[in-house]
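# Survey of secondary and tertiary structure
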Amino acid sequence: MNQTQQMNNDAVVEVLNASGASDIVLVCEHASAFIPTALNDLGLSAEARHSHAAWDPGAKAVACEMARQLDAPLVASKVSRLVYDCNRPPDAPSAMPERSEVFDIPGNKNLTRNDRETRVARYYTPFFDRLKQVLSTKPDPVVVTIHSFTPIYQGIQREVEVGILHDQDTRLADAMLEAETGTFVTRRNDPYGPADGVTHTLKEHALPQGRRNVMIEIRNDLIETADAQTSMAIQMSRWVADAVTQSKDISCRV
């Protein structure tokens, strides 16, 4: 990789605590609401650009503190998921959605094949490759992705506070659910699950290699402030660490 390519990659993906000693590798695909200037805000209003449609509010702050608590590396996207959703494969319409939640995305309308391929190369491939590289440095990497979700969706109040999501490999999710203490309203594959197409990172970077993995969804009204984000991160770190220990000797059944 030449210097220009490295600079371009650094603009769209970052690795925090890269030398972290833990086998846990944290991932935050929806860490940022940033839209590159060349894309003219995708034609969006300020409200849309700062809404949950553009990113996962609070998720990066929680993930950063978890990286510190666990001494784990964190791989995070630096661009809005409306530019490219790094938790979606290139052929998925939701990778560059024309509509998200209640917002139309004018800058994603009528994208040509070349437009889509350019975004894949510019935003998705660097993220994919960087995560793959970080995972390759660990003897037994454990993939933990951090997300947030809205308390109200399409006018319906969500009771769940923490979702423990998984695809076919349930080892780490099972261990987390078994260790759940009742602090939060916690559910399996809720508010999303594999049928919603949200397990792409797990399917690409964990399932084929037999790596333990889980996706954590946190209701974003629980992590609105810095203090709340720190408190949540401490609790999640303990929970994840205990579950990793408990699931260590369980064979992958996928």
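Residues numbered from 1 in each chain as written. Predicted model: local features only at pLDDT ≥ 70, side-chain atom pairs only at ≥ 80, totals over all residues. Heavy atoms only, no water.

### With respect to the pairing of strand E2 (residues 24-28)
Across the 5 residues that make up E2, a large majority, 5, are buried. Residues of E2 alternate between two faces, with Ile 24, Leu 26 and Cys 28 on one and Val 25 and Val 27 on the opposite face, all of them buried. Relative to strand E6 (residues 142-149), E2 runs parallel, the two sharing 4 bridges. Bridge assignment links Val 27 to a residue of E6, and that residue is Thr 145. By the bridge criterion, 3 bridges tie E2 to strand E3 (residues 74-77) in an arrangement that is parallel. Paired with Cys 28 across the bridge in E3 is Ala 76. (Buried < 20%, exposed > 50% of the residue type's maximum accessible area, 1.4 Å probe, protein only. Helix = DSSP H or I, 4+ residues; strand = E, 2+ residues; numbered from the N terminus. Pairing = 2+ DSSP bridges.)

### Details of the packing of aromatic side chains
The tally for this structure, following the rule as stated, stands at 2 aromatic pairs. Each ring, one from Tyr 84 and one from Tyr 124, has its centre 5.2 Å from the other, and the planes form 40 degrees; the classification is tilted. Here Tyr 84, found in the loop between E3 and strand E4 (99-100), pairs with Tyr 124, found in helix H4 (residues 113-136); they are 40 residues apart in sequence, far enough to count as distant. On the basis of relative accessible area, Tyr 84 is assigned to the buried category, the value being 0%. When the centroid spacing of 5.8 Å and the interplanar angle of 50 degrees are considered together, the rings of Tyr 124 and Phe 128 count as tilted. Of the two residues, Tyr 124 and Phe 128 both sit in helix H4, 4 residues apart, roughly one turn of that helix. Taken together, the ring pairs in this structure connect Tyr 84, Tyr 124 and Phe 128 into an aromatic cluster. (Phe/Tyr/Trp six-rings, centres within 6.5 Å; stacked < 30°, edge-to-face > 60°.)

### Notes on the sheet that holds E3
Think of a sheet as strands paired side by side through backbone hydrogen bonds, with each pair either parallel or antiparallel. What the 7 strands build is an open sheet, ordered E1-E3-E2-E6-E11-E9-E10; its pairing is mixed. At either margin of the open sheet sits one strand with a lone partner, and together these are strand E1 (13-16) and strand E10 (186-188). With direction set aside, neighbouring strand axes in the sheet form an average angle of 20 degrees. Lying over the sheet, helix H7 (residues 226-246) contacts E2, E6, strand E9 (162-165), E10 and strand E11 (213-219), oriented at roughly 155 degrees with respect to E11. (Axes fitted to C-alpha atoms, helices over the stretch in contact; angles between N-to-C directions. Contact = heavy atoms within 4.5 Å.)

Any functional reading would require information beyond the geometric quantities listed.
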